[in-house]
Amino acid sequence: MALEHAILVSLSERSGSGYELTRRFEKSIGLWWSATHQQIYRVLKRMEDAGWITVDQVAQSGKPDKKVYTVGDAGRAELARWLAEPDPSATARELAVKIRGAALGDPAAVAAEVTRHRDAHAAQLDAYLLIEKRDFPDPSVLSGQSLHQFLVLRGGIRTEQGHVEWLEEVLRAFHHDA
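Residues numbered from 1 in each chain as written. Predicted model: local features only at pLDDT ≥ 70, side-chain atom pairs only at ≥ 80, totals over all residues. Heavy atoms only, no water.

- Per an unreviewed UniProt entry, the protein goes by PadR family transcriptional regulator and derives from Amycolatopsis japonica.

So this is what it looks like as structure tokens:
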């Protein structure tokens, strides 16, 4: 996913200036996607050139005009396309942006993507649990390198458990909302 899609989701929620968009990234969407002020302005220019967003000049008293960005038809079409597009290699942050923007496209397609990711994380969790059972039947006797290997494996187990639990929560909410 490109920064463009995170910006399209944010601007679809509410039009705004580059400064306002930067503040939103710092406070909300930035929990999952970070971008500098300079990156956001560069991407806004590319999105404007591509016809995904429009810009309105708003006069301000004693200040330069403010540019307010709004998602146009081409931007809405791109966002809908991206939301529906399966991406098995999407990171948690990319999936989070899709989840946040689900109502802006096809929520069923986003739910299908969430299901695929949940299933992949569940499969990885099962593999880690098998390794734990096979290689570390009694963790209380571990020390040195074997303890360190076990601790890294436990980190992988906990990470996958967290992903599975979160994605199941998302799916329950999607089904409740439908």
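### Some words on the overall build of the protein
1) Next: The number of helices and strands found in the protein is seven helices and two strands.
2) Next: Mapped from its N terminus to its C terminus, the protein presents α and β elements in the order α-α-α-β-β-α-α-α-α.
3) Next: A globule of 178 residues ought to have a C-alpha radius of gyration of about 16 Å, yet the protein, at 21 Å, is considerably larger.
4) Next: Relative to its full complement of 178 residues, the protein shows a buried share of 38%. (Helix = DSSP H or I, 4+ residues; strand = E, 2+ residues; numbered from the N terminus. Rg over C-alpha atoms; globule rule 2.2 N^0.38 Å. Buried < 20%, exposed > 50% of the residue type's maximum accessible area, 1.4 Å probe, protein only.)

### A word on the UniProt feature "domain: Transcription regulator PadR C-terminal" (unreviewed entry) in the protein
1) Next: UniProt marks residues 94-173 with the feature "domain: Transcription regulator PadR C-terminal" (unreviewed entry), using the numbering shown here.
2) Next: Helix makes up 82% of residues 94-173 and strand 0%, and the two end C-alpha atoms of the span are 19 Å apart. (UniProt positions renumbered as here; feature names shortened; annotations may be inferred.)

### What to know about helix α7 (residues 144-177)
1) Next: Over its 34 residues, α7 runs 50 Å from end to end, which matches the ideal 50 Å to within 8%, given 1.5 Å per residue.
2) Next: Within the span of α7, buried status applies to Phe150, Leu153, Gly156, Ile157, Glu160, His163, Val164, Leu167, Val170, Leu171 and Phe174.
3) Next: Buried positions along α7 lie against α5 (92-100) and α6 (107-135). (Expected span 1.5 Å × (residues − 1). Contact = heavy atoms within 4.5 Å.)

### Regarding helix α2 (residues 18-27)
1) Next: Along α2, the residues classified as buried are Gly18, Leu21, Thr22, Arg24 and Phe25. In a view along the axis of α2, the buried residues occupy a sector of 160 degrees, so they form one face of it. Of the exposed residues in α2, those oriented more than 90 degrees away from the buried face are Tyr19, Glu26 and Lys27. (Arc of directions from axis to C-beta.)

### Regarding the environment of Ala6
1) Next: Following the sequence through the fold, Ala6 ends up in helix α1 (residues 3-13).
2) Next: Classification of Ala6 by relative accessible area gives buried; the value is 0%.
3) Next: Measuring from C-alpha to C-alpha, the distance between Ala6 and Arg100 comes to 9.4 Å, with 94 residues separating the pair along the chain.

### Side note on the packing of α1 against helix α3 (residues 37-49)
Pairs of packed helices are described in terms of their axes, by the angle between the two and the distance that separates them.
1) Next: Contact geometry for α1 and α3: axes closest at 10 Å, N-to-C directions at 85 degrees. Between α1 and α3, the crossing angle belongs to the class labelled roughly perpendicular. Counted together, Leu3, Glu4, Ile7, Leu8 and Leu11 of α1 and Gln39, Ile40, Val43, Leu44, Arg46 and Met47 of α3 form the full contact between these two elements.
2) Next: Split by residue class, the contact of α1 with α3 holds eight nonpolar, one polar and two charged. (Axes fitted to C-alpha atoms, helices over the stretch in contact; angles between N-to-C directions. Parallel < 35°, antiparallel > 145°, perpendicular 65-115°, else oblique. Nonpolar A, V, L, I, M, F, W, Y, C, P; charged D, E, K, R; others polar.)

### Observations regarding the pattern of salt bridges
1) Next: Counted under the stated rule, the structure contains eleven salt bridges.
2) Next: Ionic pairing is found between Glu4 and Arg46, a salt bridge with its closest N-O pair at 3.1 Å. Of this pair, Glu4 sits in helix α1 while Arg46 sits in helix α3, and the two are 42 residues apart along the sequence.
3) Next: We classify Glu4 as buried; its relative accessible area is 14%.
4) Next: Note on Arg46: relative accessible area 45%, which makes it partly exposed.
5) Next: In this structure, Asp73 engages Arg76 in a salt bridge whose closest nitrogen and oxygen atoms are separated by 2.3 Å. (Salt bridge = Lys/Arg side-chain N within 4 Å of Asp/Glu carboxyl O.)

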